[in-house]
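So you can see what is in the structure, the chains are spelled out below.
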Amino acid sequence: MVAKTKKQTGKSPATQTDRDRSPLVSPPGKSNVRRPGREGKAFNSTHSNGLSGIRHKLGLTPSAAAKLGITLLLGKFRTASPYHLTQLFENDRHFSHLSNLEKEMAFRTEMGLYYSYYKTIIEAPSFLDGLHMVMNDRLTEHPLVINTLKRFNLYPEVVLASWYRMYTGVMAYFGIPTKMCWSINRGEGLTPVDSCEGMGDPAYFYVTCVFLLNGMMMSIFFMYGSYLSGSRLGGVITTLCFFFNHGEVSEVPLISLSGYSNVGALGTMVALGISNLCFMLPWQFAQFVLLTQVASLFASYILGYLAAAKMQSILVTHMITLGVCFVLMFGNSMLLTSFYASSLVSIWVNLVFVLFFSIQVMQGLAWVCSTVLLKFLLSTVLGASDDAHISGLIKSKFTSYKDFHTLMYTCAAEFDFMELEVNSVPLSELKFVSLPLKDDEIHNILPFNHLQLIILVYHSLQLMAFAVLAILIMRLKLFLTPHMCIMASLICSRQLFGWIGEKFKQHTVVFAVLAIMAIQGMTNLQAQWAIIGEFSNLPQEELLDWIQENTRPNAVFAGAMPTMASVKLSTGRPIVNHPHYEDAGLRERTKLVYSMYSRMSGETVKRNLMKLGVDFFILEDSWCTRRTRPGCSMPEIWDIEDPQNVGKTPLCTHISRNSRPHFTTVFSNDIYKVLKVPKATKDLR
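Residues numbered from 1 in each chain as written. Predicted model: local features only at pLDDT ≥ 70, side-chain atom pairs only at ≥ 80, totals over all residues. Heavy atoms only, no water.

**Details of the nonpolar core**
Working step 1: Core analysis: the largest hydrophobic core is formed by 73 residues, its most contacted members being Met280, Met311, Tyr340 and Ile347.
Working step 2: Among the elements that line this core, the one with the most residues is helix 20 (residues 450-472), at 10 residues.
Working step 3: In this structure, Met311 is in contact with Val294, Leu297, Phe298, Tyr301, Leu306, Ile347 and Leu351, ignoring residues within four places of it in sequence.
Working step 4: One finds Tyr117, Val207, Met564 and Ile575 within the second-largest nonpolar core, a separate group that totals 49 residues. (Core = buried A, V, L, I, M, F, W, Y, C linked by side-chain atoms within 4.5 Å. Buried < 20%, exposed > 50% of the residue type's maximum accessible area, 1.4 Å probe, protein only. Helix = DSSP H or I, 4+ residues; strand = E, 2+ residues; numbered from the N terminus. Contact = heavy atoms within 4.5 Å.)

**Notes on the UniProt feature "transmembrane region" (unreviewed entry) in the protein**
Working step 1: Per the UniProt record, "transmembrane region" (unreviewed entry) is annotated on residues 203-224, 288-308, 314-332, 339-359, 453-473, 479-497 and 509-531.
Working step 2: Secondary structure content for residues 509-531 is 91% helix and 0% strand, while the C-alpha to C-alpha distance between its ends is 34 Å. (UniProt positions renumbered as here; feature names shortened; annotations may be inferred.)

**Considerations on unusual backbone geometry**
One can expect most non-glycine residues to show negative phi and most peptide bonds to be in trans.
Working step 1: Following His142, the chain continues to Pro143 via a peptide bond in cis, the omega torsion being 0 degrees.
Working step 2: Looking at where Pro143 falls in the secondary structure, it is placed in the loop between helix 6 (127-135) and helix 7 (148-151).
Working step 3: Between Arg660 and Pro661 the backbone carries a cis peptide bond, its omega angle lying at 10 degrees.
Working step 4: Although it is not a glycine, Thr109 adopts a positive phi angle of roughly 45 degrees.
Working step 5: By the secondary structure assignment, Thr109 is in helix 5 (residues 109-123).
Working step 6: Of the residues examined, Thr109 reaches a relative accessible area of 32% and is grouped as partly exposed.
Working step 7: Even without a glycine there, the phi angle at Phe330 is positive, about 60 degrees.
Working step 8: Note on placement: Phe330 falls in the loop between helix 13 (308-328) and helix 14 (333-336).

**Some remarks on helix 15 (residues 339-352)**
Working step 1: Spanning 14 residues, helix 15 covers 20 Å between terminal C-alpha atoms, matching the ideal 20 Å at 1.5 Å per step.
Working step 2: Here helix 15 lies mainly inside the structure; 10 of its 14 residues are buried.
Working step 3: Looking at the buried positions of helix 15, the neighbouring elements they touch are helix 11 (269-280), helix 12 (286-302), helix 13, helix 14, helix 16 (360-382) and helix 17 (388-398). (Expected span 1.5 Å × (residues − 1).)

**Considerations on the packing of helix 9 (residues 202-229) against helix 21 (residues 477-488)**
Working step 1: Closest axis-to-axis distance for the helix 9/helix 21 pair is 8 Å, and the angle between their directions is 45 degrees. On the basis of the axis angle, helix 9 is oblique to helix 21. Listed contacts from helix 21 to Phe221, Tyr224 and Leu228 of helix 9 are Pro482, Ile486 and Met487.
Working step 2: Counted by class, the contact of helix 9 with helix 21 contains 6 nonpolar, no polar and no charged residues. (Axes fitted to C-alpha atoms, helices over the stretch in contact; angles between N-to-C directions. Parallel < 35°, antiparallel > 145°, perpendicular 65-115°, else oblique. Nonpolar A, V, L, I, M, F, W, Y, C, P; charged D, E, K, R; others polar.)

What follows is the structure, encoded as structure tokens:
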């Protein structure tokens with residue numbers, strides 16, 4: 001039983017219910033025991049006149065009343081989404097009862113790395129001091145000094161850190177408390193920890209902002225569905241589809257919605273440029289989504305649905321946006337050498353020399369070939385290879401090619417081919433209209449105006465592009481599923497489904513489809529709501545506490561990428577590798593570090609670590625023995641790069657038994673073993 005005692009008040013006094021709550025602490029992992037004090041209270045409310053009476057008093061027609069109801073439903077979606085996510089997050093991790101260290105450990109892999117820069121800025125003497133620290137970072141890739149704003153797309157963390165500093169500063173000026181802290185007795189012989197709730201707590205502020213932005217995302221989904229279908233009911237369908245399939249889209253970055261912008265949705269090139277800029281700055285993979293967008297627009301142009309002048313305007317907007325992003329990213333070469341940048345140039349050339357490619361198929365082939373050739377030419381000229389692993393990953397999907405970096409991706413299930421699943425999305429969006437070359441031919445079938453036709457064609461092509469990506473890499477379902485939700489709104493389109501009959505009949509069909517969809521959808525939601533657990537990682541907590549108490553502040557660490565993110569975040573110690581794999585130099589560093597899990601000699605691995613300036617290596621037995629499928633354990637992955645040692649016992653197996661003579665074990669528990677690396681001599685530096 002957890003005893004939660006108020007330690008410090010940072011907001012209004014707690015109620016008796018707050019003081020008495022004592023949730024159960026489940027063991028590490030998940031628990032089916034629902035904690036008390038979390039249940040909401042239901043109530044019934046009636047009105048003597050009912051809804052019809054309200055409508056009569058407001059003087060609304062039935063149509064206006066329906067529109068008002070759906071608009072109010074939009075507001076409900078906007079508030080329900082953050083609440084839904086907050087409850088899922090709390091139920092899964094029991095975040096409100098975690099110590100500051102446990103909250104930081106809950107941010108795993110790249111999340112922990114990005115959060116560490118947010119933490120750096122809010123803990124700095126001033127915002128500008130914090131910004132200078134992240135732009136001259138000496139901890140992330142020791143001994144290098146790197147500009148993390150250039151390398152890691154950290155603008156979201158910078159913005160959130162500035163908001164946090166402004167919020168706490170204003171609240172402190174007016175003397176308004178912002179958080180409440182408690183002493184948590186964890187039981188089981190563990191020491192009590194302090195836990196804080198409220199927007200004054202850095203971790204709470206961080207996740208709350210993310211959930212609030214997700215609420216805005218749901219509003220955008222509603223508007224998108226309404227716009228595409230021409231009906232507010234279409235917005236409801238889109239939003240419900242998203243909720244029903246939330247488990248498939250939980251990693252969708254909010255700002256990626258701007259990547260859906262098209263010639264009809266935003267109306268002006270300025271809005272398109274701002275939208276794309278806000279999409280590219282926070283996310284290193286935005287360029288791949290924009291590539292599919294440009295490809296879909298170019299295909300619309302080839303098919304005759306988009307005028308050449310409009311296509312040129314879009315290209316200019318994309319080019320300007322790319323240039324601005326390149327400047328704001330301090331000259332990140334990965335932007336200029338991307339397939340996205342090359343495709344913009346090749347499409348422009350294609351438009352200029354359209355007479356040479358009058359045949360549609362030839363235009364498409366010319367675009368593909370010139371994009372690929374220009375991309376590799378720019379990479380060669382600029383000496384950039386940061387995204388070479390992406391080319392290797394694509395190559396491995398169609399051939400037997402594989403190397404160390406490719407296997408690091410393909411051995412993970414989420415980077416495999418997509419499995420066949422049943423989603424709670426109506427099949428209407430999968431019924432593609434045959435796209436003839438002349439507008440008048442399709443106008444004879446469907447009553448679309450030209451703009452509506454362009455939008456429908458573009459979104460259909462975009463959906464197909466996302467489908468191809470999802471089939472090749474299962475993780476990219478996070479693009480396909482949301483777009484399917486948007487396309488599902490078309491079931492409410494009068495132009496597409498007006499043949500059903502009058503609006504009442506069509507709405508009846510829509511609600512019938514929605515009811516069928518809700519069967520699997522509610523099953524999905526109930527499965528998520530049933531997840532009850534608590535974050536607990538005592539071995540890592542012991543490791544981080546030991547590092548804080550027994551190593552120098554400048555001691556350098558190496559190990560598995562996810563663990564290194566936690567070490568940097570919670571201890572502030574320098575590291576030599578981290579989870580952000582989109583850099584050629586970092587990939588080679590990680591490869592040297594992971595030689596610990598190869599079959600090389602201990603002396604070779606020791607020299608690799610000494611060259612990197614590593615003081616301590618964190619060994620995890622699970623990385624030595626884990627095997628997702630044949631050929632995918634770390635020693636087997638290394639066999640591709642180191643065939644001369646195939647068949648030998650992996651070094652990590654020897655080290656787990658006895659670290660001498662090459663290393664000295666200075667800490668160990670059930671999961672982690674810290675090895676002290678000898679100091680490098682001058683000839684090794």
